[in-house]
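Residue-level structure breakdown
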Amino acid sequence: MSMDIPPWNLLQFVILCMYTCYLSFFLSPNGGITVVAVYIPLILLSVPAVFVQLKLGGYLQKGVLGIFSMFFPFWKGVGIAALIDLLFLVSSIAPLVAQLGTYAFIAISSENYAWGSCEYVKHITSENEACFQGLAKSEVGRTLHRPEEIFYKREFLQISRAIENIDGFPQWRFTDLARRAEISLMPVTLAIVWVLITLFVGFGARVCGWILFLVGPAALACLLTVLGYGYQKLDNSHSVEYLKKLYVFKDQDNIFNSWLEGFRILIYSFPMWTPICCTMGKFCGRSQKIRNLTWVILVVVFLLVSQLPNLTMAPFLGNLHNKFKDNPVQVKFTDGIDRIMWQMPAAFTILEVPNAYGFIFFLSAFLFTLMFLCIGTLTIVDNILDSIKLWIERHACSKIAVNLLITFLVMLVSMGIGIIQTTKAGHYFYLLFAQSMDKLRFLLIILLAFGLLVVYVKQNFGLIERIVMGFWSTLSSILCSGLWLYHLYYQLDKHSANIRFDSITSKESKSAYFQSEWTWVSWAIAGFPFIGLLLGGIHACFSACKDSSGKCRKLCCGVTERVREQNGDEFIPPTLIPSEPSAPPYMYSYMDRTINGSGRRDDYHLDHYKLDYDVPEAEPLTRNDRSTRI
């Protein structure tokens, strides 16, 4: 184990792994094929990926950038690209978190919901109209509003009037963007979210771990409370009907696309080929037992909590759909973001659910997603901090102060990226980022996997383990990147590489796209993280300076010495500095030394010191005798 106490213990790690259910609030399965596409790849593809990353992070006590810098310097640019990609993901999710917090506030802002009558709630319907309750059929066509529009006239996810119907399809131009994207009060809410993240992350992994250790159970308790109310107070037969739409196999035109959708849910919510796992493994310490358990914990927690949001929303959405079953205007079944942003507020209103349950539901969604933002931001900050560790030690800077400064700078960059999502056209920008990041993900996965495997096989783990996990991880990376490559090929083949509108923005979701100029913007966003490859390569070349022996360090080899560590199962005295005597009870006096045959006293014998040797399986001859003489 490392001489420093690990920032996270196993119980904290279990709680932190609960964040993996955050994406289920926004995306859900759409039939049994989608469910299978989540759980089969979880075992076959995710296990080797998280095993290798968690073990390397714990064994080397470094994040992905530090791992590459140490053992594969020329590949550190891939680590930079992965961190930039994670920064984009965190920045695009943060405005959604702000919106969930706004909804929680709206739910308890007055005696009744602020959206307390149906005329304030807009749904996705078969005729792209609005909520229908107690209205004459002739009144259905009038313009109604979404919940937060009562508080703010221009709000995130609001449909912009910048959309123009040209030849029957909505189109959007750059001139419309400049003229119509008006700023609302949502930046205030977004700023509050990032201030919370800065306070949680800025004081380091130990403080962040304890805060999230409290946030996780609170979010889970809120979610289970709403779940209990839904199944106790509402008609369970309608809940079952809704759950069948989510989990029962059904006839589908394109099964492979359904598989891709399920795989997309998995790869975004479960940290497979991302920088997160290395950092999480690092914070759990070097103990051999712990690093061999963390992957099991991560998988088991995901299995237990990943579907809880869908199970919680089922009673409310099932009964909501039943209310509109025989009406001229029906609420569509959807597996997208509009479930939580439009249909859940409508369900709370129409089913007359007490205010408190609406509040704690959106609070739970807010807290779970906030946990992901904290862990993602912590990963970025810790990797940056590792890369300037020598500079900090050389200048004797306060590590906490530097950590706060880096967190603040990451917050500013993320705010700058996410601020455009708080405009009137915010949802279009969300689509732009979300769909652009998928385009070149196959390349990032294969590069990241290759670098991690090179580092993994260079370590002193068991030979059989390295062979098995090496082949398994290679297969996992090839299949994962292959699925994303097929997704891109399918888009290009169908002439649909443009950014597509979804059910929130247009009822013509299958054939409506942004104009061609937005396609170039999309490719620019997709390719921007790969600037890190160039930056990392240049930095590696300049930093490959000569050592004292006059030999230039090879860019592709890095450190050649073996990493030494204790087993972590017993207490190890601190390492003795040879030039200084140790403190009691490990101190020898001058007279304690025995006199040898020449009449001189022997040097100090330090056999009781246990040095940083490798794990037992790497050095079987020293398993019972782990001391040495220097």
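I will try to describe carefully the structure that is included in this document.

1. Brief notes about the pattern of salt bridges
- Evaluated as defined, the whole model comprises seven salt bridges.
- With its nearest N and O atoms 3.6 Å apart, the salt bridge here joins glutamate 261 to arginine 264. Linking glutamate 261 with arginine 264, this pair stays in helix α9 (residues 255-269), spanning three residues, or about one helical turn.
- By relative accessible area, which is 17% here, arginine 264 ends up buried.
- The partner of aspartate 382 in a salt bridge is lysine 282, and the shortest N-O contact between them spans 3.0 Å.

2. Focus on the packing of aromatic side chains
- Applying the stated criterion across every chain, the model contains 25 aromatic pairs.
- Ring centres 4.4 Å apart and planes at 10° place the aromatic pair tyrosine 22 and phenylalanine 372 in the stacked group. Placement of the pair is tyrosine 22 in the loop between α1 (10-16) and α2 (32-60) and phenylalanine 372 in helix α15 (residues 355-387), with a sequence separation of 350 residues. Here tyrosine 22 and phenylalanine 372 have matching classes, each one buried.
- With 6.2 Å between their ring centres and 80° between their planes, phenylalanine 51 and tryptophan 295 make a pair best called edge-to-face. Of this pair, phenylalanine 51 sits in helix α2 while tryptophan 295 sits in helix α12 (residues 294-305), and the two are 244 residues apart along the sequence.
- In this structure an aromatic cluster arises from ring pairing among Phe25, Tyr103, Tyr229, Phe316, Phe348, Tyr357, Phe361, Phe362 and Phe368.
- One Lys or Arg, lysine 55, reaches over the ring of phenylalanine 461 and ends 4.6 Å from the middle of that ring.

3. Comments concerning the packing of α2 against helix α10 (residues 276-283)
- Two elements in contact, α2 and α10, have axes separated by 6 Å at closest approach and are oriented at 45°. Taken together, the axis directions place α2 and α10 in an arrangement best described as oblique. In the packing of α2 onto α10, the handedness of the crossing is right-handed. Contact residues: Val50, Gln53, Leu54, Gly57 and Gly58 in α2; Cys277, Cys278, Met280, Gly281 and Lys282 in α10.
- The residue inventory of the contact of α2 with α10, partitioned by class, reads five nonpolar, four polar and one charged.

4. A look at the side chain of threonine 379
- With respect to the element layout, threonine 379 can be found in helix α15.
- Residue classification places threonine 379 among the buried residues on the basis of a relative accessible area of 1%.
- With near-sequence residues (within four places) excluded, threonine 379 lies in contact with Leu83, Leu86, Pro275, Ile276 and Thr279.

5. Some details on the environment of proline 354
- Looking at where proline 354 falls in the secondary structure, it is placed in the loop between α14 (338-350) and α15.
- Residue class for proline 354 comes out partly exposed when judged on its relative accessible area of 36%.
- Between the alpha carbons of proline 354 and isoleucine 108 there is a distance of 9.8 Å; along the sequence they are 246 residues apart.

6. Remarks on α14
- For α14, with 13 residues, the first-to-last C-alpha span of 17 Å sits near the 18 Å given by 1.5 Å per residue.
- Most pronounced at methionine 344, the bend in α14 amounts to some 30°, and the proline proline 345 follows within four residues.
- The element α14 is extensively covered by neighbouring structure, given that 13 of its 13 residues are classed as buried.
- A positive backbone phi angle near 55° is found at glutamate 352, which sits one or two residues after α14.

About the cut-offs
- Residues numbered from 1 in each chain as written.
- Predicted model: local features only at pLDDT ≥ 70, side-chain atom pairs only at ≥ 80, totals over all residues.
- Heavy atoms only, no water.
- Salt bridge = Lys/Arg side-chain N within 4 Å of Asp/Glu carboxyl O.
- Helix = DSSP H or I, 4+ residues; strand = E, 2+ residues; numbered from the N terminus.
- Buried < 20%, exposed > 50% of the residue type's maximum accessible area, 1.4 Å probe, protein only.
- Phe/Tyr/Trp six-rings, centres within 6.5 Å; stacked < 30°, edge-to-face > 60°.
- Lys NZ or Arg CZ within 6 Å of the ring centre and 35° of its normal.
- Axes fitted to C-alpha atoms, helices over the stretch in contact; angles between N-to-C directions.
- Parallel < 35°, antiparallel > 145°, perpendicular 65-115°, else oblique.
- Left-handed = near helix turned anticlockwise from the far one by under 90°.
- Contact = heavy atoms within 4.5 Å.
- Nonpolar A, V, L, I, M, F, W, Y, C, P; charged D, E, K, R; others polar.
- Expected span 1.5 Å × (residues − 1).
- Bend = angle between axes of the 7 residues up to and from the residue.

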